[in-house]
Amino acid sequence: MTLHLLDYTILILYFGFVLGIGWFLRKSVSSSSDFLTSGRSLPLWITSLAFLAANMGALEMIGMCGSGAKYGMMTSHFYWVGAIPAMLFVGVFMMPFYFGSKARSVPEYLKLRFDEKTRGFNAITFAVMTIFSSGISMYALGILLQVIFGWSFTFSVLVSAGIVLAYTYLGGLSSAIYNEVLQFFLIVAGFAPLAFLAVQKAGGWEGVSSRLQPVMTQSWQHLGTPADNPMGVEVIGLMMGLGFVLSFGYWCTNYLVVQRAMAARNMTDARNTPIVGSFPKMFIPFIVIVPGIAAVAIAQMNVGYALPLKNGGPDYDMVLFSLMEQFYPSGMLGIGLTALIASFMSGMAGNVTAFNTVWTYDIYQSYIRKDAPDSHYLWMGRMATIFGVGLSIGAAYLAQSFNNMMDFLQLIFGFVNAPLFATFLLGMFWKRATANGAFTGLVSGTAAAAVTYGLTLAEAKGGYLGVLYEFPSSMAQNFWVAINAFVVCFVLTIIVSLAGKARPDSELVGLVYSVTPRQIESAVWWRRPSVLAIISGIICIALNFLFF
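What counts and how
- Residues numbered from 1 in each chain as written.
- Predicted model: local features only at pLDDT ≥ 70, side-chain atom pairs only at ≥ 80, totals over all residues.
- Heavy atoms only, no water.
- Core = buried A, V, L, I, M, F, W, Y, C linked by side-chain atoms within 4.5 Å.
- Buried < 20%, exposed > 50% of the residue type's maximum accessible area, 1.4 Å probe, protein only.
- Helix = DSSP H or I, 4+ residues; strand = E, 2+ residues; numbered from the N terminus.
- Contact = heavy atoms within 4.5 Å.
- Pairing = 2+ DSSP bridges.
- Axes fitted to C-alpha atoms, helices over the stretch in contact; angles between N-to-C directions.
- Parallel < 35°, antiparallel > 145°, perpendicular 65-115°, else oblique.
- Left-handed = near helix turned anticlockwise from the far one by under 90°.
- Nonpolar A, V, L, I, M, F, W, Y, C, P; charged D, E, K, R; others polar.
- Salt bridge = Lys/Arg side-chain N within 4 Å of Asp/Glu carboxyl O.
- Expected span 1.5 Å × (residues − 1).
- Bend = angle between axes of the 7 residues up to and from the residue.
- 1 Å grid on protein atoms, 1.4 Å probe; cavity = no way out; pocket = protein on both sides within 12 Å on 5 of 7 lines; lining within 4 Å.
- Points joined across faces, edges and corners; volume = space filled by probe spheres on them.

**Q** Lay out the nonpolar core with the relevant residues and their values.
**A** Membership of the largest hydrophobic core comes to 176 residues, with the highest contact counts inside it found for Y98, F191, L340, I341 and M345. Ranked by the residues each element gives to this core, the list is headed by helix α9 (residues 153-201), at 17 residues. The residues touching M345, leaving out its near neighbours within four places in the chain, are Y14, F15, V18, L141, I163, V164 and Y167.

Rendered as structure tokens:
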């Protein structure tokens, strides 16, 4: 990949800009609340774009483009089935409890609804998940810098870690959120042209469709049996594994994204944050998935382009880089690379800021030092930022063993978010759920994920306890890991709760749907969450039919 002076200038300007944001916002950080939660002071357009952009790191850019090349248009299910419904649900039904309870984090809500041990278990598992997720973004940025500058992977990782550490250490969550908004606009400017150029090179969408099997350009028509599609899933596994368990588990319980909505100025803005974010979200597949599909078509045209290889097979994580090298001239290449770097850095920063909040409030303050002055927790939040970045560097090396980062991330979500969603679903909507039931369910659900992964095999991964079943793809394995984790947690939480004594209704007001008085929505009709959610849902259904 050959860069020119204009490309380097754009990259240097971006690095200076993000560090400048952190330097400027440092003046507004005077308490742990300012550093870790932004003091609940940000406007809707900022929080909604940040809510969307927090999920547009390595997962969206390299991972989704690679998945487009690997699985075809079925990858759109991660948006139109695996994101939009859950984003609307969390905005309409769950944000009133998160925001209204005044909890500073998702684990803290679990403490209010259940007890300390449930909060503690979730805080630890979530902290581990954020480290892995941050490490994946760091790995992606490391290989990008390696390609651009010819640096070693280790040096590339250390440089990316140092830049993210600098601006998150200075400005905290606000710095991460404002950089995520910048990242969103950079991604649109950097990759919409790539999608257009790649599809045009293949002869338009008709040309892409004519060169590929129908399964690569249709999203629903090949879900009868796992053997009918490259993802190796059937409609039940897709709807339950992705559309319900993984999707709702991620968007409804993952503090990384919920944290952005909780930084809003008021309840209406907090509820509208994921709903407003759903509108641009449903069109992101045309920017990140379609280029990967077009790459497979172009590789069959004998025009000098071939899919990159790794260990004798396709290296899907490099598809996006290879397309940029093929199509982008000087200047445009700089914008595209800057957009990539921005997406990876914000992915790292988002996970690190979620980690430092959960570590400081839900682990350190709860179990290590309970009654320290606020200035001490501000200091600890900054220290957590440093060692969070350090742990992420180690996770970056683990990510090297996967040929598709999307597969790795979905596996992590299956272990953590899938059982957690069962706990939240029962906790928010079934007042009979007890603390012992929630804790037993969470632990058992996570264990069920480990056992399922250990007894199944897919693409030489898993099977460390023996092989009872082999899945045709890692993604299919991930779906069933998540399903089993959810079901075990859900069932055991109910059984143990029915054997125990529930809390009185008076203690559950503001925490459980059935005993919380409904608030009359004061916003004008076009700003009401229910109205916006209906409009978003109709558009999403139309897109599913369009690419059926």
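**Q** Which residues make up the sheet that holds strand β5 (residues 469-470), and what values go with them?
**A** Strand order across the open sheet formed by 3 strands is β4-β3-β5, with mixed pairing between neighbours. Two strands in the sheet have a free side with no partner beyond their single neighbour: β4 (461-462) and β5. Where strand β3 (residues 456-458) and β5 come together, 2 bridges link them in parallel fashion. Across the sheet, the residue bridging to T456 is Y469, located in β5. Its contacts with the sheet put helix α20 (residues 435-455) on β3, β4 and β5, and the angle it makes with β3 is roughly 65°. Contacts from helix α21 (residues 474-498) reach β3 and β4 within the one sheet, and its direction differs from that of β3 by about 150°.

**Q** Lay out the side chain of T423 with the relevant residues and their values.
**A** As for its placement among the helices and strands, T423 is situated in helix α19 (residues 405-429). The contact partners of T423, leaving out residues within four places of it in the chain, are L110, F114, A438, L442 and C489.

**Q** Let's hear about the packing of α20 against α21: which residues, and what values?
**A** Put simply, α20 and α21 touch, their axes get as near as 7 Å, and they point 155° apart. Classified by the interaxial angle, the pair formed by α20 and α21 is roughly antiparallel. In the packing of α20 onto α21, the handedness of the crossing is right-handed. Listed contacts from α21 to N436, G437, A438, T440, G441, L442, S444, G445, A448, A449, T452 and Y453 of α20 are Q477, W480, V481, N484, A485, V488, C489, L492, T493, V496 and S497. Of the residues contributing to the contact of α20 with α21, the split by class is 12 nonpolar, 11 polar and no charged.

**Q** Describe the pattern of salt bridges, naming the residues involved and giving the relevant values.
**A** Tallied over the full model, the rule gives 11 salt bridges. Between D115 and K117 there is a salt bridge, and its shortest N-O distance comes to 2.4 Å. Close ionic contact of D362 with R119 constitutes a salt bridge, the shortest N to O distance being 2.4 Å. Here the residue D362 occupies a position in helix α17 (residues 332-368), and R119 occupies one in helix α8 (residues 116-149), the gap between them amounting to 243 residues. Owing to a relative accessible area of 2%, R119 belongs among the buried residues under this scheme. Connected via shared salt-bridge partners are K111, E116, R119 and D362.

**Q** Describe helix α6 (residues 84-100), naming the residues involved and giving the relevant values.
**A** The end-to-end C-alpha separation of α6 is 23 Å, in line with the 24 Å expected for 17 residues at 1.5 Å each. Residue M94 marks the point of greatest curvature in α6, where the axis turns by about 60°; the proline P96 follows within four residues. Counting buried positions along α6 gives 13 out of 17 residues, so the element sits mostly inside the fold. Following α6 by one or two positions, K102 has its phi on the positive side, about 65°.

**Q** Explain the layout of surface pockets to me, and be specific about the residues and the numbers.
**A** For the largest pocket, the calculated volume is near 560 Å³. Size it by volume and the second largest pocket reaches roughly 190 Å³. If you go around the second largest pocket, the residues you meet are T125, V128, M129, F132, L398, F408, L411, I412, F415, V416 and T446. Mapped onto the lining of the second largest pocket, the elements with two or more residues apiece are α8 and α19. Among the elements that make up the lining of the second largest pocket, the one with the highest residue count is α19 (5 residues). Considered class by class, the residues forming the lining of the second largest pocket number 9 nonpolar, 2 polar and no charged.

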